[in-house]
Protein chains: 2
Amino acid sequence: MTDQNAPIGVFDSGVGGLTVVKEIMHQIPNERIVYFGDTARVPYGSKSKETITRYSRQIVRFLQTRKVKAIVAACNTASAYALDEIEKEVDLPMIGVVKPGVKAALSATRNGRIGVIGTEGTVRSGIYSQYIKEMEPGADITGKACPLFVPLVEEGLWQDPVTDEIAKRYLSELIGENIDTLVLGCTHYPLIRETLGRIMGQGVVLVNPAYETARELLELLEEKALLRCEESRLGDNKYEFFVSDSSEKFMRFANSIIKYGILSAKTINIEEY
Amino acid sequence: MTDQNAPIGVFDSGVGGLTVVKEIMHQIPNERIVYFGDTARVPYGSKSKETITRYSRQIVRFLQTRKVKAIVAACNTASAYALDEIEKEVDLPMIGVVKPGVKAALSATRNGRIGVIGTEGTVRSGIYSQYIKEMEPGADITGKACPLFVPLVEEGLWQDPVTDEIAKRYLSELIGENIDTLVLGCTHYPLIRETLGRIMGQGVVLVNPAYETARELLELLEEKALLRCEESRLGDNKYEFFVSDSSEKFMRFANSIIKYGILSAKTINIEEY
């Protein structure tokens, strides 16, 4: 029987998934979280389905050693490529960021014309289109891969003329499609939300799947009677962070996303799992 | 006893090392080459010494299974972080790209003021400074990490106003240092050589370690009596390419670097070595 006081496992290719962790901390503040960022093999977005599935499987095995009660794939590429396969193999509730993003997009759109931006992997997988079409066959989806956004965000150019220029190029196609809703299909993108919003214009709603993911996680835990019931105490190690490469850069970036103040992250060799 | 007709092993984090392969093909055309690109874990430049050493060790083990007679670390980050340690463990001649780059820089400079651009790892390692100082204690070295160059090159923006703008920012510091020689300390950078040369101005010599690396490899093979003596025949599989992630993107990029026409690359699971 699963321990309802066990932590939630959250993973990502690196730091981007912390935008999801931040939402979970905000919406379900009593929960414990074990985060894993695959900083030794980041990025996922340009790699193949086979490789991302193998990596995700190793990470899920690692999270199981931490006795998590549920797993969130807080990475669009992993959600797109690996989730369907891995959730069949694992006896734990799992959710990704794609389905919550789809629901949020469908409730936001008025004209049924939705844009999705993400990594090459996420866009090539066509998973957003597939789920949107399943729920709303009349919807019209345009996907656009934006491979430079992650390096630009990681270089700290969140507000910069170069990011503006690159964003204008990537988004021009979507503007031509007359979309009214844009899914930020990569966990790094909320960090350049202001730039994206300015370029798309006021008529376009930007959907950040992180918010909806945390909400679905809450529902899932309620439904399965897995909400943590004990209270947090000082020093009970509520949030734990693990990475596969040395944690210095992770820490710097992590603390710019989460104001909580991450004091340490442990490095593990993920290839051993 | 080593077989002089065995292939040379060349490795890199991904596709960049093909700029070195191209030089070897040109300068030592009779040699066979086995290339490995670690496309499942690319990039190396932002990761730690410990991780890069572990990865390089796995790759060397893989190349040994291919019975190579010598190994070229055609990646500056791997040369900077891992080469010293691994060459002690392996009974094969190994060379990297850093020492050849240093020699070329020292023979090019007139005022002893040398700039080195590379990944965060290469620049942080300080290895170029260390080798240059050992050979020429009076030299003055300025290193500058340029983390966006690799993604820009891989996005195909070899000649683009955005690459210009980013290059101007990175290089402004070096221009202020009055250097007369700039080492392209990452195998991707020769592909934006024209942009870099234009920004640095005619008074600055750009050093591409690939050329000097192929020359040193030739000397090494001569010295150890390891030059291939048999002649190439049609269909003798002279050049073999291996990658750790699916080869589609690799092939596209590879064929834009090497006009030889790479017809196939095999995918292997490098974590098993």
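Counting restarts for each chain: residues are numbered from 1 in the order of the written sequence. All chains are assigned letters beginning with A, and all ligands numbers beginning with 1, in the order in which they are written. Local features in a predicted model are, by the rule used here, given only for residues with pLDDT of at least 70; side-chain atom pairs are given and counted only at 80 or more, and totals for whole chains, interfaces and linings are based on all residues. For side-chain calculations, the full set of non-hydrogen atoms in the structure is used, while hydrogens and water are omitted.

Draft legend 1. Structural view of the relation of the copies chain B and chain A. Least squares is the method for superposing the copies, and the C-alpha atoms it fits come from residues with pLDDT of at least 70 in both. Overlaying chain B on chain A yields an RMSD of 0.0 Å, the required transformation being a rotation through 180° with an accompanying axial translation of 0.0 Å. Expressed as an axis order, the relation between the two copies is that of a two-fold axis. By C-alpha distance to the rotation axis, the residue of chain B lying nearest is B:R41, at 2.3 Å. In this assembly, 100% of the residues forming the interface of chain B have copies in chain A that are likewise at the interface, indicating an isologous arrangement. Throughout, a contact is declared for two residues whenever any of their heavy atoms are within 4.5 Å.

Draft legend 2. Summary view of the interface of chain B and chain A. On the chain A side, the residues contacting the 32 residues of chain B number 32 residues. Buried area is calculated as the accessible area (1.4 Å probe) missing from two parts once they are joined, with the contributions of both summed. The junction of chain B with chain A conceals about 2,500 Å² of combined surface from both sides, 45% of it contributed by carbon and sulfur atoms. A:E271 is the partner of B:R41 in a salt bridge, and the nearest nitrogen-oxygen pair spans 2.6 Å. For the side of chain B that touches chain A, the elements supplying multiple residues, two or more each, are α2 (49–65), α8 (149–154) and α9 (161–176) of chain B. In terms of residues, the side of chain B that touches chain A owes the most to one element, α9(B), which gives six residues. In this classification, the charged set is Asp, Glu, Lys and Arg, the nonpolar set is Ala, Val, Leu, Ile, Met, Phe, Trp, Tyr, Cys and Pro, and all remaining amino acids, among them Gly, are polar. Taken together, the residues that form the side of chain B that touches chain A break down as 13 nonpolar, eight polar and eleven charged. In the sections that follow, a salt bridge refers to a side-chain nitrogen of Lys or Arg positioned within 4 Å of a carboxyl oxygen of Asp or Glu. Numbered from the N terminus, helices here are DSSP runs of H or I no shorter than four residues, and strands are runs of E no shorter than two.

Draft legend 3. Focus on the pattern of salt bridges. A complete count under the given rule lists 43 salt bridges over all chains for this structure. Here A:R198 makes a salt bridge to A:D164, at a shortest N to O gap of 2.9 Å. Of the two residues, A:R198 is situated in helix α10 (residues 193–200) and A:D164 in helix α9 (residues 161–176); the sequence distance between them amounts to 34 residues. A:D164 gets classed as buried once you look at its relative accessible area, which sits at 14%. Two residues, B:E120 and A:K249, come together in a salt bridge whose shortest N-O distance is 3.9 Å. You can see B:E120 sitting in helix α6 (residues 120–125) and its partner A:K249 sitting in helix α12 (residues 248–257), one on each of two chains. Each of A:E154, A:K249, B:E120 and B:R124 takes part in a single network of salt bridges with overlapping partners. Categorising residues by exposure relies on relative accessible area from a 1.4 Å probe, with only protein chains included: less than 20% of the type maximum marks a residue as buried, more than 50% marks it as exposed, and the intermediate range marks it as partly exposed.

Draft legend 4. Main features of the environment of A:R61. Residue and element names in this part refer to chain A. When you line up the elements, R61 lands in helix α2 (residues 49–65). By relative accessible area, which is 40% here, R61 ends up partly exposed. R61 sits 212 residues away from Y273 along the chain, and the two C-alpha atoms are 6.1 Å apart.

Draft legend 5. Examining the pairing of strand β3 (residues 70–73) of chain A more closely. Residues and elements named next belong to chain A. Residues of β3 alternate between two faces, with A70 and V72 on one and I71 and A73 on the opposite face, all of them buried. With four bridges connecting them, strand β1 (residues 8–12) and β3 associate as parallel partners. Bridge pairing links V10 to V72 in β3. Pairing between strands requires that DSSP locate at least two bridges from one strand to the other. Judged from the three bridges that link them, β3 and strand β4 (residues 94–96) form a sheet pairing that is parallel. Bridge pairing links A73 to G96 in β4.

Draft legend 6. Here's a closer look at the packing of aromatic side chains. Each Phe, Tyr or Trp ring (for Trp, its six-membered ring) is paired with any other whose centre lies within 6.5 Å, and the angle between the two planes then decides the class: stacked below 30 degrees, edge-to-face above 60, tilted in between. Enumeration over the complete set of coordinates arrives at 20 aromatic pairs over all chains. Measuring from ring centre to ring centre gives 5.6 Å for B:F36 and B:F62, while their planes differ by 55°; the resulting arrangement is tilted. Of this pair, B:F36 sits in strand β2 (residues 33–37) while B:F62 is found in helix α2, placing the two residues 26 residues apart along the sequence. The buried category is assigned to B:F36, whose relative accessible area is 0%. These aromatic residues form a ring-pair network of at least three members: A:F36, A:F62, A:F242 and A:Y273. The rule is short: NZ of Lys or CZ of Arg within 6 Å of the ring centre and within 35 degrees of the ring normal puts a charge over the ring. The ring of A:Y55 carries the charged tip of A:R41 above its face, separated from the ring centre by 3.7 Å.

Draft legend 7. Spotlight on the sheet that holds strand β10 (residues 266–267) of chain A. Residue and element names in this part refer to chain A. The strand order across the open sheet formed by six strands is β4-β3-β1-β2-β9-β10, and the pairing between neighbours is parallel. Here the strands that pair on one side only, and so sit at the sheet edges, are β4 and β10. Across five bridges, the pairing between strand β2 (residues 33–37) and strand β9 (residues 239–243) is parallel. Bridge pairing in β9 places V34 opposite E240.

Draft legend 8. Looking closely at the pairing of β1(A). Residues and elements named next belong to chain A. When you tally the buried positions in β1, you get five out of five residues, the bulk of the element. Across five bridges, the pairing between β1 and β2 is parallel. For I8, the partnering residue across the bridge sits in β2 and is I33. Following the backbone out of β1, through helix α1 (residues 18–27) and into the adjacent parallel β2, one traces a crossover that is right-handed. Place the viewer so that the strands point away; then a crossover is right-handed whenever the path from the first strand over the helix to the second strand goes clockwise.

Draft legend 9. Geometry of the environment of B:V97. Its location among the elements puts B:V97 in the loop between β4 (94–96) and α5 (98–108). When residues no more than four places from it in sequence are discounted, the contact partners of B:V97 are B:V20, B:A73, B:A74, B:C75, B:N76, B:S79, B:Y128, B:P209 and B:T213.

Draft legend 10. Up close: the environment of B:V183. All names here are of chain B. Tracing the chain through its elements places V183 in strand β7 (residues 181–185). By relative accessible area, which is 0% here, V183 ends up buried. The spatial distance from the C-alpha of V183 to the C-alpha of G112 is 13 Å, given a sequence separation of 71 residues. Residue contacts for V183: discarding those within four places in its chain leaves G101, A105, I114, G115, V116, I117, Y128, V207 and P209.

Draft legend 11. Structural view of the confidence of the model for chain A. Known as pLDDT, the predictor's confidence for each residue is given on a scale from 0 to 100. Confidence along chain A averages 94 in pLDDT terms, with 100% of residues attaining 70 or more. Among the scores for the predicted complex, ipTM is 0.91 and pTM is 0.93.

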